[in-house]
There are 2 protein chains.
Amino acid sequence: MPASDPAPKISPHRTKGRPRSFDREAALEQALKVFWEKGFAPASIAELCTAMGINPPSLYAAFGNKAQLFLEAVGHYERVFWDETWDAMDGEPDVRRAITTFFAEATAILTKPEAPCGCIVVLGAINVPAEARDVADALKALRDEGRRLFLERLRRGVVDGQLPADTNVEAVANTLNTLLQGMSIEASDGASRAQLDQVADCATALLAKR
Amino acid sequence: MPASDPAPKISPHRTKGRPRSFDREAALEQALKVFWEKGFAPASIAELCTAMGINPPSLYAAFGNKAQLFLEAVGHYERVFWDETWDAMDGEPDVRRAITTFFAEATAILTKPEAPCGCIVVLGAINVPAEARDVADALKALRDEGRRLFLERLRRGVVDGQLPADTNVEAVANTLNTLLQGMSIEASDGASRAQLDQVADCATALLAKR
DNA sequence: ACATATATGTAGCGATCGCTACGGAAAGTC
DNA sequence: GACTTTCCGTAGCGATCGCTACATATATGT
């Protein structure tokens, strides 16, 4: 994600005071990397700071606290890695092709070798301490959004006459979302791309013509 | 510390020395409860000790350390909650009914209201600190065992002529295991039993006759 | 130049972590 | 009884946690 500002890549500041000496977005991406590999709780502020090339006070001044930094990193992750894939599912007119393409893309994302495996939305805030409940809740809401998107797309498939009118769209949407989440666990367990592709194929088979 | 055992439920000891003053298995079950609710890392020794009704030295003398206690608790969990269900899958002669029954049982287990939701094998050791890698690896091996069991059962279904010879048993086994793991996340997210039943139905639909 | 405002690095706060040293208590053995 | 062995509760170890007080550095506004 090159911001591609010829002029200062460091965000311009309009107010008084010493300007920030680091690239906020670059630091955020480094933080994402750490959170992605380790999860919310095991990623320590010290390690985040090292990766971001800053010290704790700068981190807290720029991002609030660990939880806010995490949530902002997750938002960045979603935008960079998933928004396009979800949008494509809505853009593809044929519902079966839409789902097939989505899961093919998902397996590619989840097994990207240059990235930690698994989706940070699914795995990042599991087993967080009780005082970080709000972080877990925020990610849960994001996971639920996936089910909603599947559901809407399937409903449109029924309206468009591409799926049988008696299709249990809620059940299928539930199942697709459940599969997607299970795929993150498999990916973090080191599943191969071929292995996840098999799962993706079975996912699309749920919509097979009868 | 009232032992209050008429007959010693406490394991008999043959050697010299002061006998253990608590019920090891009861303590293990309490530990399981804590680990199940919180996961490995967020469950502190202090909290475990409170739940088990003992002090740290007793815990370490009886169970080794936190990781060993966790793994022993997980073993107990598997035996109590899942062994019977897996065995039933092998015992049922019809492969479709075997899978259907398995997933029906699984939804029941995963949404048991008196138990923490989700499977500790799937969720318990996600996001553990790096120094507990061995715990994560042990649970990963247990998860893989599920895929193996599905695979064996499906292969038998092909041999028995109940499934088409060209069934991609590896793919289906992969998918069933992935679904099962996703169901744990959904359960811990508070999914209703009805919701998971829908997923279970879709799982069995993967084996629908063609 | 001076005041104001924000960011920075150092250094360390209080709290919690997993774990254990220690001395006393409760059993078997003689 | 004394000796040995094991377990008990207390109390606290060193390490790490998220986070911040503080003094200093660097910008703008006038």
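In this text, all values refer to a predicted model and were calculated from it rather than measured experimentally.

Here we come to the overall build of chain A. A count of helical and extended segments in chain A gives nine helices and zero strands. Traced from its N-terminal end to its C-terminal end, chain A shows the element sequence α-α-α-α-α-α-α-α-α. Projecting the C-alpha coordinates of chain A onto the three principal axes gives extents of approximately 65 × 35 × 30 Å. The long-range share in chain A, meaning contacts at least 24 apart out of those at least 6 apart in sequence, stands at 67%. Accessible area for chain A stands at about 10200 Å²; split by element, carbon and sulfur atoms hold 52% of it. Measuring between centres, the 24 positive side-chain charges of chain A sit 4 Å from its 29 negative side-chain charges.

Let us now look at a negative patch on the surface. All names here are of chain A. The grouping of D83, E84, D87, D90 and E105 at the surface amounts to a negative patch. Along the chain, E105 falls in helix α5 (residues 95–110). The partly exposed category is assigned to E105, whose relative accessible area is 38%.

Attention now goes to helix α1 (residues 24–38) of chain A. All names here are of chain A. Spanning 15 residues, α1 covers 21 Å between terminal C-alpha atoms, matching the ideal 21 Å at 1.5 Å per step. Of all the positions in α1, only A27, L28, A31, L32, V34, F35 and W36 are classed as buried. Check the buried side of α1 and you find it contacts α2 (45–52), α3 (56–63), α4 (66–91) and α6 (120–123). Capping the start of α1 is the job of one residue whose side-chain oxygen sits 3.0 Å from the backbone nitrogen of E25: D23. Of the residues one or two after α1, G39 is the one with positive phi, at around 90 degrees.

With that settled, the discussion passes to the state of the cysteines. Taken as a whole and assessed by the stated rule, the structure comprises zero disulfides over all chains. The thiol of C202 of chain A is not disulfide-bonded; the next cysteine sulfur, from C202 of chain B, is found 13 Å away. Given a relative accessible area of 9%, C202 of chain A falls into the buried group.

This part is about helix α7 (residues 133–159) of chain B. Compared with an ideal rise of 1.5 Å per residue, which puts 27 residues at 39 Å, α7 of chain B spans 39 Å between its outermost C-alpha atoms and is within 8% of the ideal. When α7 of chain B is considered as a whole, its buried residues turn out to be V135, A136, L139, R143, G146, L149, F150, L151, R153, L154 and G157 of chain B.

Here the focus is the packing of aromatic side chains. Residues and elements named next belong to chain A. Within this structure, the stated rule accounts for 24 aromatic pairs over all chains. Their ring planes at 65 degrees and their centres at 5.0 Å tell us that F40 and F70 sit as a pair that is edge-to-face. Placement of the pair is F40 in the loop between α1 and α2 and F70 in helix α4, with a sequence separation of 30 residues. For the pair formed by F40 and F70, the shared burial category is buried. Aromatic side chains F103 and F150 sit 5.8 Å apart centroid to centroid with 10 degrees between the ring planes, which places their arrangement in the stacked category. With F103 in helix α5 and F150 in helix α7 (residues 133–159), this residue pair connects regions lying 47 residues apart in the sequence.

The next subject is the pattern of salt bridges. Where side chains of opposite charge bring their charged atoms close, a pairing between them can arise. Residue and element names in this part refer to chain A. Under the criterion given, the structure shown has 18 salt bridges over all chains. Between E72 and R24 there is a salt bridge, with the nearest N and O atoms lying 2.5 Å from each other. With E72 in helix α4 and R24 in helix α1, the pair connects residues that are 48 residues apart, well separated along the chain. Through salt bridges that share partners, E145, R148 and E152 make up one connected network.

What follows covers the protein's contact with DNA strand C. In the vicinity of DNA strand C there are 22 residues, among which R18 and N55 of chain A together with I45, Y60 and K66 of chain B approach most closely. In this structure, K66 of chain B approaches DNA strand C through a side-chain N or O atom, which is 2.7 Å from a phosphate oxygen. When contributions to the surface near DNA strand C are tallied by element, the ones reaching two or more residues are α3 of chain A together with α3 (56–63) of chain B.

Mapping chain B onto chain A leaves a residual RMSD of 0.1 Å; the transformation is a rotation of 180 degrees accompanied by 0.0 Å of translation along its axis. Read as a symmetry element, the transformation amounts to a two-fold axis. Of the C-alpha atoms belonging to chain B, the one lying closest to the rotation axis is found on G182 of chain B, 1.9 Å away. The overlap is high: 100% of the interface residues of chain B also sit at the interface in chain A, so the same surface is used on both sides.

On to the protein's contact with DNA strand D. The environment of DNA strand D is formed by 24 residues, the closest being I45, Y60 and K66 of chain A together with G17 and N55 of chain B. Considering DNA strand D, the proportion of its atoms within 4 Å of the protein that are sugar or phosphate atoms stands at 69%. Note that a base oxygen of DNA strand D is positioned 3.1 Å from one of the backbone N or O atoms of R18 of chain B. For DNA strand D, a phosphate oxygen lies 2.9 Å from a polar atom in the side chain of S58 of chain B. Elements represented by at least two residues in the surface near DNA strand D include exactly α3 of chain A together with α3 of chain B. Among the elements that take part in the surface near DNA strand D, α3 of chain A stands out by supplying three residues, more than any other. Considering only residue class, the surface near DNA strand D consists of ten nonpolar, eight polar and six charged.

Basis of the calculations
- Here the residue index of a chain counts from 1 through its sequence in written order.
- Numbering of ligands from 1 and lettering of chains from A proceed in the order in which they are written.
- Predicted model: local features are reported for residues with pLDDT of at least 70 only, side-chain atom pairs are reported and counted for 80 or more only, and whole-chain, interface and lining totals are derived from all residues.
- Derived side-chain values reflect all non-hydrogen atoms in the structure, with water molecules and hydrogen atoms excluded from consideration.
- Under the DSSP-based scheme used, a helix requires at least four consecutive residues in state H or I and a strand at least two consecutive residues in state E, with every element numbered from the N terminus.
- Contact criterion: two residues are considered in contact whenever any of their non-hydrogen atoms come within 4.5 Å of each other.
- Accessible surface area values rest on a Shrake-Rupley calculation with a 1.4 Å probe, where residue burial reflects the displayed protein chains alone.
- In this tally, Lys and Arg are treated as positive and Asp and Glu as negative; His is ignored, and so are the chain termini.
- A charge is said to be at NZ when it belongs to Lys, at CZ for Arg, at CG for Asp and at CD for Glu.
- Patch membership requires more than 30% relative accessible area and the absence of a salt bridge. Residues of like charge join within 9 Å; the nonpolar side chains Val, Leu, Ile, Met, Phe, Trp and Tyr join within 5 Å.
- We define a salt bridge as a contact between a side-chain nitrogen of Lys or Arg and a carboxyl oxygen of Asp or Glu at a distance within 4 Å.
- Exposure categories follow from relative accessible area, calculated using a 1.4 Å probe and restricted to protein chains: below 20% of the type maximum is buried, above 50% is exposed, and the middle band is partly exposed.
- Expected span of a helix: the number of residues minus one, times 1.5 Å.
- Under the rule applied, a polar contact is a pair of N or O atoms within 3.5 Å (in protein, one hydrogen donor and one hydrogen acceptor; residues adjacent in sequence only if both atoms are side-chain atoms).
- When two cysteine sulfur atoms are found within 2.5 Å, that pair is recorded as a disulfide.
- For Phe, Tyr and Trp, where Trp contributes only its six-membered ring, two rings pair if their centres lie within 6.5 Å, and the inter-plane angle classes them as stacked under 30 degrees, edge-to-face over 60, or tilted in between.
- Throughout this document, a residue counts as near a molecule or strand when at least one of its heavy atoms sits within 4 Å of that molecule or strand.
- Least-squares superposition aligns the copies on the C-alpha atoms of those residues with pLDDT at or above 70 in both.
- Here the nonpolar group is Ala, Val, Leu, Ile, Met, Phe, Trp, Tyr, Cys and Pro; Asp, Glu, Lys and Arg are the charged ones; every other residue, Gly included, is treated as polar.

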